[in-house]
Amino acid sequence: MSWFGKIIGATIGFFLGGPIGMITGLVFGHMYDAGKALEQGEGDSSEHRQYFFRNTGYNRSQMVFFVGAFSMLAKLCSVDGRVTEGARRKVSEFMINDLKLYGQSLDYARDIFDQAINQNISFENLADQFYNNFRTSPQLLTMMLDIFYRVALEDGRLSKNEERLIDYAARTFRISDSMHESIRRNHNVRGTSKAYAVLGLTESASEAEIKKAYRRLILEYHPDTVAAKGMADEFKEYATKRFREIQEAYETISKERGIK
């Protein structure tokens, strides 16, 4: 990276702040060669930021989510000493199949993942900053917990270190014990039990509780609600998938119980 790229990287990192800002600056510090003013070292830090976000296609909030998500996944995957090929493959599947990343966006995501592995930044600090930015978006926080389990369980088991980090995230994200347990069960059960887990319930839930949980979740993950949060299109794809799972779970339970 040239000296000018380092300046831009530092500017961007300072703008985002914290460990997420540090990783962002390292990954995107080289993005300076498209504008004549920037090539000549002209323009102030505001122009640098505008150039950066224009070329990545993300605003500040979206970039914090993008960088924070893959940085936390990197730390989770490497918590036991090394990143297995299975874990890396599962993260790539999430990038491509769930978030529909391709081209330059996919390259950015992979660079973020690799940079985060090698930086002396803790999962806990990343989770703290992530929550501070998205404390008013519970659906995003719940989504991340679900992703953590998907990646950690790629080898069929949850190590003590992985469980420790995921538990920390659940507490930091203020996710209720019942919702946390439902997400955990959602990755280990099938059939009707899984449908209850998707709604954050057990099979002993009353009809009123089922309807209440369904209405709350369907509102949280409704496309209009997600769009209002300013999420990048790639993350809207995942939220849309979750929205469909909630609908299917409610239909399964309603058919089983005869709920009208």
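Computed from a predicted model, the values in this text were never measured in an experiment. (Residues numbered from 1 in each chain as written. Predicted model: local features only at pLDDT ≥ 70, side-chain atom pairs only at ≥ 80, totals over all residues. Heavy atoms only, no water.)

J.: Would you mind showing me how to read the pattern of salt bridges here?
T.: For side chains bearing opposite charge, pairing can occur when the charged atoms are close. Evaluated as defined, the whole model comprises seven salt bridges. With a shortest N-O distance of 2.9 Å, D114 and R88 are connected by a salt bridge. You can see D114 sitting in helix α7 (residues 103-118) and its partner R88 sitting in helix α6 (residues 85-98), a full 26 residues away along the chain. On the accessibility criterion, R88 (30% relative accessible area) is partly exposed. (Salt bridge = Lys/Arg side-chain N within 4 Å of Asp/Glu carboxyl O. Helix = DSSP H or I, 4+ residues; strand = E, 2+ residues; numbered from the N terminus. Buried < 20%, exposed > 50% of the residue type's maximum accessible area, 1.4 Å probe, protein only.)

J.: How do you make sense of the packing of aromatic side chains when you look at a structure like this?
T.: The geometry of an aromatic ring pair is captured by two quantities: the separation of the ring centres and the angle between the planes. Enumeration according to the criterion identifies eight aromatic pairs in this entry. Both rings, one in F130 and one in F173, keep their centres 5.9 Å apart while their planes meet at 40°; by these two values the pair is tilted. Remark: F173 occurs in the loop between α10 (160-172) and α11 (177-186) and F130 occurs in helix α8 (residues 123-134); sequence separation between them is 43 residues. With relative accessibility at 3%, the residue F173 sits in the buried group. Every member of this aromatic cluster is reached through a ring pair, and the members are F65, F130, F134 and F173. (Phe/Tyr/Trp six-rings, centres within 6.5 Å; stacked < 30°, edge-to-face > 60°.)

J.: I keep staring at empty space enclosed by the protein and nothing clicks. Help me out?
T.: A water-sized probe, rolled over the atoms, reveals where empty space remains. On inspection of all chains with the given rule, the structure shows two cavities of 30 Å³ or more. The computed volume of the second largest cavity comes to approximately 40 Å³. Taken together, T142, M143, D146, I183, Y221, Y238 and R242 make up the lining of the second largest cavity. Every element with two or more residues in the lining of the second largest cavity is listed here: α9 (138-152) and α15 (233-257). The leading source of residues in the lining of the second largest cavity is α9, at three residues. Considering only residue class, the lining of the second largest cavity consists of four nonpolar, one polar and two charged. (1 Å grid on protein atoms, 1.4 Å probe; cavity = no way out; pocket = protein on both sides within 12 Å on 5 of 7 lines; lining within 4 Å. Points joined across faces, edges and corners; volume = space filled by probe spheres on them. Nonpolar A, V, L, I, M, F, W, Y, C, P; charged D, E, K, R; others polar.)

J.: Can you walk me through the side chain of H180 in this structure?
T.: Secondary-structure assignment places H180 in helix α11. Side-chain polar atoms of H180 contact the side chain of Y149, separated by 2.7 Å. Each residue touching H180, except ones within four places of it in the same chain, is listed here: L145, Y149, I166, D167, A170 and I175. (Polar contact = N/O pair within 3.5 Å; in protein donor to acceptor, adjacent residues only side chain to side chain. Contact = heavy atoms within 4.5 Å.)

J.: Just checking my understanding: could you explain the confidence of the model for the chain for this structure?
T.: The predicted coordinates of low-pLDDT regions are not to be read in fine detail. Summary statistics for the chain give a mean pLDDT of 76 and a share of 73% for residues scoring 70 or more. Per-element confidence in the chain is highest for α10, whose mean pLDDT is 95, and lowest for helix α3 (residues 36-39), whose mean pLDDT is 38. Counting interchain partners and residues more than four positions distant, the pLDDT-below-50 stretch residues 1-15 has 31 contacts. Contacts from residues 30-53, a stretch scored under 50 in pLDDT, to residues over four places away or in other chains number 43 contacts. (pLDDT = per-residue confidence, 0-100.)

J.: Explain the layout of surface pockets here, please?
T.: Computed from the structure, the largest pocket encloses a volume of approximately 430 Å³. Lining of the largest pocket is provided by 18 residues; of these, D146, N186, H187, K194 and E245 occupy positions nearest its centre. For the lining of the largest pocket, the leading source of residues is α15, giving seven residues. Residue classes in the lining of the largest pocket are distributed as five nonpolar, three polar and ten charged. Approximately 300 Å³ is the volume found for the second largest pocket. Forming the boundary of the second largest pocket are 20 residues, of which T142, S176, M179, R216 and E220 lie nearest the centre. Those elements giving two or more residues to the lining of the second largest pocket turn out to be α9, α11 and α13 (207-220).

J.: Quick question: what am I supposed to make of the nonpolar core here?
T.: In globular proteins that are soluble, nonpolar side chains generally tend to be buried together. Membership of the largest hydrophobic core comes to 72 residues, with the highest contact counts inside it found for F70, F148, F173 and L199. Considering each element in turn, this core owes the most residues, twelve residues, to helix α5 (residues 60-77). Every residue in contact with L199, bar those within four places of it in the chain, is listed here: I210, A213, Y214, L217, I246, A249, Y250 and I253. (Core = buried A, V, L, I, M, F, W, Y, C linked by side-chain atoms within 4.5 Å.)

J.: Teacher, can you tell me more about α6 here?
T.: Each α-helix turn comprises 3.6 residues. Residues three or four places apart therefore point the same way. Taking 1.5 Å per residue, 14 residues should reach 20 Å; α6 reaches 19 Å between its end C-alpha atoms and fits that length. Buried residues of α6: G86, A87, V91, S92, F94, M95 and D98, and no others. Phi turns positive, to about 60°, at K100, one or two residues after α6. (Expected span 1.5 Å × (residues − 1).)

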